[in-house]
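# Secondary and tertiary structure notes
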Amino acid sequence: MAQLSLKSKLAILSDAAKYDASCASSGSSRRDSRDGKGLGSNEGSGICHAYAPDGRCISLLKILMTNFCIYDCSYCVNRVSSNVPRARFSVDEIVRLTIDFYRRNYIEGLFLSSGIIRSPDATMSDMVQIARKLRRQENFRGYIHLKTIPDAAPELIEEAGLLADRLSINVELPTDTSVTRFAPEKSPQQIRQAMANVRVLKDSAKDRSHTGKRPPRFAPAGQSTQMIIGADGSNDTMVLRQSTRLYASYRLKRVYYSAFSPIPDSSDKLPLISPPLLREHRLYQADWLLRFYGFALDEITSATPDGNLDLQIDPKLAWALQHRGLFPMDVNTADKDMLLRIPGFGVKTVNRILTTRRHRHLRYEDLLRMGALMKKARAFVTAGGWSPSKLTDSADLRARFAPPPEQLSLL
Amino acid sequence: MTQHMTVPRIGAAAAWRDAARGLLSRGTPPEHVTWGDDAMARGLFDETPAPIQPSEIRVHRSFVSLANSVVWHNDPQRFSRLYHMLWRLQSQPLLIGDRGDPAMAKLRAMEKNVHRCQHKMKAFVRFREIGDPAAPRRSFAAWFEPTHHTVEPTARFFQRRFGDMDWRILTPDVSVFCEGGALRFDTDRPKPDLPDDAHEDLWVTYFRNIFNPARLKVQAMQSEMPKKYWKNMPEAESIPELISTAPARARAMAQAAPTLPPARMAQVQAMQRRNLSSWGGPISDLPAAVHTCTRCPLHATATQAVPGEGPTNADLVIVGEQPGDQEDLRGKPFVGPAGQVFDEVAKRAGLDRNTVYITNAVKHFKFVPRGKRRIHQRPNVSEIEHCAWWLDAELKLVSPRLVLAMGAVAAKALTGSEANISNRRGTVERGRLGSAVLITYHPSYILRLSDKAKREQTIADLQDDLRLAVQEARDPGNPKRPDN
């Protein structure tokens, strides 16, 4: 086979990596290179260096080490039965590319993933070697995210966690049955064991030794995972139940939902659909309500009988419309927990309300200036100079928020 | 009488703070002050106040950080808005937390604009290399057009980030140079002619390929990456084309008929099946299962399969090559001439054969008949890989602390590597399944050596390795692993 140029390898291996949604570079340990001996910094908040026309942020150089893979997962562009062109980067090529891109301020760091070649250990050990070279040889202090391979040896995972900011392992699909069906070589139990192992290693890296010395930090930006939405028959309740379990069991920083998207040379086992982008968006909204707004899982999923979220309106609004008896709420007296449940109020708005109402009475215009989306919220609140009166209980309230009905096409 | 205060473009934060402090300590109300930067003409009747020693002013610290951001806004009213707020805060300190107050809300919005502009600058500056890439300190330059005066407050971010290189960011307003780690600012530099950079092409390649044409969300992209920044970003040139061809590309993917899997798939999957032993019975059933094995053609010519032998809770598993003539007849491992050499060296090394599990990489004897004798043949890769099914099952059931690989075939079966044994002996490698594997010679190698000195040396080496194996299996302290 003719030798591929670096450019064609980059084209093949970034194309193969784009189905991983994560591109976060935030929440790691603070560090910089003011000492002049290294390159890179990390200041807590992530930076998106560009946006692709798919609306996704480009923060990291997201590539595969190789897209050769011995597994045959139906949803994956790199499965062994696919005829996409294959390529493989050498360790040094990835190291140089990362450093050169970083110096030109294109990226925050590297997100390295790989197809499984030869054996899981061999693949993981090459990935660890890339991270080690970046850290030790190039003194790179930017962000590194490594996709770990579930059945790789524990020592490799441990070294990976000491070198990288974030580790992730994809659970792939919302239920074990679907994983076994569409990813026959992967074992859901093994994936969970690997996540458990990362959590244990991260927890134990917090314990000081008897002399009070802190051990080196293990994956300071935590671990994350990804679930493909819409490839199998799971409904949103199953998806969210799985993610609440993952957040609780393995202290995940994020569960990414990735709408199943058409891939080149798709498998006949999984017919292509147009990606359910709106469903993906609603799942992220529900995920946020569960983690930051104090909602319980069944409060969100009980809104519709089929266990899926309402696609026309957001889950918080859906909940509020079902519980109109609790509204309107007085912004000058309601508890924090209840303020968080008002549609159109975010966490920041609620905090601003709480600080200001300590010393004065809030009016409708104040809420506007504090960043509340009053178009949504006004049916559910009372404030100085504003009462929704009959609006809260009006029969057409839902219709005010839902998108207008669409005329079906004749053809 | 109106006083005019001029705040310079470089160092505006400190200059405004000093001026505001001075005015406030003299009790000058905001209506009596006009503000401007050094690019602005002053009023006809404005006078410059004599500098005075400011007294101490107390204000909430969140106002200090608010002011430190708002001074960089491009609103000509910024300095006077800040001074108005500072004046009001003296009598109404609670105002600082009030997002409902219109003036405060305006200042907070301006603060947010500046933060966003700083953030976009951190994200969208694109450097080109202007020096020698092999120089100890490489140098880079960028041309950027920020919306607000954000170069100065953002320069430290780049200083923290690019500690080991020289860089400069030139803008129509204030430009910054970082040489040897020190920052220098300058104003009104012309737009430079930066040299081409080959990495831009790679970056554009990356940008084009990381885009998924099946999920077009142009609005989401543009709200985060407004068009005003596009002219200085090399990747932005491809955006119109990517958008216009996306629907057709997505359609083509959906309409393409499923293809037949490539030829190598069967090969890969066969290899995988060989790699993973899914034999899951209890260890007591293993010998019987090995006896019925027909995974490779060797079973047809050998007398019998020879399974491993020894305690199933052993800390050490020793793996040889394959049964020989004697082993094939008796159905036990290591009982022929090589087995006798092994026993002798093991005794000297303090290894008790009854405490270890001993087996072979290949369970059937491979030979060519010659007259009345059977001549040993080295098993080929396919036979080794087929038989790894059983070896892996044995290792899984015994789960030893250390595996000793004797000879090239055992080393290949356990680590997958066929590299030269004399270079690897005495070192611990990682096996295919993650176990620690110590490499040494096969005892039959000693039988084949005719040179006496070399033979003595090899025996000594084997003895050292066996002793090391006993130690490591008892206490796997820190196995030496070759640094890859």
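Residues numbered from 1 in each chain as written. Chains lettered and ligands numbered in written order. Predicted model: local features only at pLDDT ≥ 70, side-chain atom pairs only at ≥ 80, totals over all residues.

## Overview of the overall build of chain B
When helices and strands are counted, chain B shows 17 helices and 14 strands. By the compact-globule yardstick of 23 Å for 484 residues, chain B is too spread out, its C-alpha radius of gyration being 39 Å. Its C-alpha atoms put chain B at 125 × 60 × 50 Å along the principal axes. Sequence separation of 24 or more characterises 71% of the internal contacts of chain B that already satisfy a separation of 6 or more. (Helix = DSSP H or I, 4+ residues; strand = E, 2+ residues; numbered from the N terminus. Rg over C-alpha atoms; globule rule 2.2 N^0.38 Å. Contact = placed C-beta atoms within 7 Å.)

## Some words on helix 2 (residues 91–103) of chain A
Along its 13 residues, helix 2 of chain A runs 19 Å from first to last C-alpha, staying within 8% of the 18 Å computed at 1.5 Å per residue. For helix 2 of chain A, the set of buried residues is Ile94(A), Val95(A), Leu97(A), Thr98(A), Ile99(A), Asp100(A), Phe101(A), Tyr102(A) and Arg103(A). Against strand 3 (60–64), strand 4 (109–113) and helix 3 (120–137) of chain A together with strand 4 (138–143), strand 5 (165–170) and helix 6 (198–210) of chain B lie the buried residues of helix 2 of chain A. In the segment just after helix 2 of chain A, Asn105(A) is the residue with positive phi, at about 65 degrees. (Expected span 1.5 Å × (residues − 1). Buried ≥ 20, exposed ≤ 12 C-beta atoms within 10 Å, placed from the backbone.)

## Quick notes on the interface of chain A and chain B
How big an interface is tends to be stated in terms of accessible area lost as the parts join. Contact with chain A, which involves 62 residues of that partner, is made by 63 residues of chain B. Of all the elements in the fold, those that place two or more residues in the side of chain A that touches chain B are helix 1 (6–15), strand 1 (50–51), strand 3, helix 2, helix 3, helix 12 (347–356) and helix 13 (364–369) of chain A. Of the residues that constitute the side of chain A that touches chain B, the class distribution is 24 nonpolar, 20 polar and 18 charged. (Nonpolar A, V, L, I, M, F, W, Y, C, P; charged D, E, K, R; others polar.)

## Focus on the packing of helix 1 (residues 12–25) of chain B against helix 3 (residues 78–91) of chain B
All names here are of chain B. Relative orientation of the contacting elements helix 1 and helix 3 amounts to 45 degrees, with a least axis distance of 11 Å. With respect to their mutual orientation, helix 1 and helix 3 come out oblique. Considering how the two elements wind past one another, helix 1 and helix 3 form a crossing that is right-handed. Between helix 1 and helix 3, the contacting residues are Trp-16, Ala-20, Leu-23 and Leu-24 on the first element and Phe-79, Leu-82, Tyr-83 and Leu-86 on the second. Residues belonging to the contact of helix 1 with helix 3 are distributed by class as follows: 8 nonpolar, no polar and no charged. (Axes fitted to C-alpha atoms, helices over the stretch in contact; angles between N-to-C directions. Parallel < 35°, antiparallel > 145°, perpendicular 65-115°, else oblique. Left-handed = near helix turned anticlockwise from the far one by under 90°.)

## Digging into the sheet that holds strand 3 (residues 128–129) of chain B
Residue and element names in this part refer to chain B. Reading across the sheet, the 5 strands line up as 3-4-5-6-7 and stay open at both edges, with mixed pairing between neighbours. Each edge of the open sheet is held by one strand with a lone partner, namely strand 3 and strand 7 (182–187). Examined bridge by bridge, strand 5 and strand 6 (residues 174–179) share 3 bridges and lie antiparallel to one another. In the strand pairing of strand 6, Ile-169 is matched with Val-176. (Pairing = 2+ DSSP bridges.)

## Notes on the pairing of strand 7 of chain B
Residue and element names in this part refer to chain B. Across the 6 residues of strand 7, 0 count as buried, placing the element largely on the outside. Where strand 6 lies against strand 7, 6 bridges are found, and the strand directions are antiparallel. Bridging from a neighbouring strand, Phe-177 pairs with Arg-184 of strand 7. The antiparallel hairpin formed by strand 6 and strand 7 contains 2 residues in its connecting segment, where Gly-180 sits at a positive phi of about 60 degrees.

## A look at the sheet that holds strand 8 (residues 254–259) of chain A
Residues and elements named next belong to chain A. The sheet built from 6 strands is open, its strands ordered 3-4-5-6-7-8 with parallel pairing. Each edge of the open sheet is held by one strand with a lone partner, namely strand 3 and strand 8. Taking the axes of each pair of neighbouring strands and ignoring which way they run, one obtains an average angle of 20 degrees across the sheet. Sheet analysis places strand 6 (residues 166–168) next to strand 7 (residues 223–229), joined by 2 bridges and oriented parallel. Paired with Ser-168 across the strands is Ser-224, a residue of strand 7.

## Some details on the pairing of strand 3 of chain A
Residues and elements named next belong to chain A. Of all 5 residues making up strand 3, 5 are buried, and the element is well covered by its neighbours. Inspection of the sheet shows strand 3 paired to strand 4 by 5 bridges, in the parallel sense. Bridge pairing in strand 4 links Lys-62 to Phe-111.

## What to know about the domain arrangement of chain A
Structurally, chain A comprises domain 1 (6–206 + 216–221) and domain 2 (315–401). Its C-alpha centre places domain 1 of chain A at a distance of 42 Å from the equivalent point of domain 2 of chain A. (Domains from an automatic or database assignment.)

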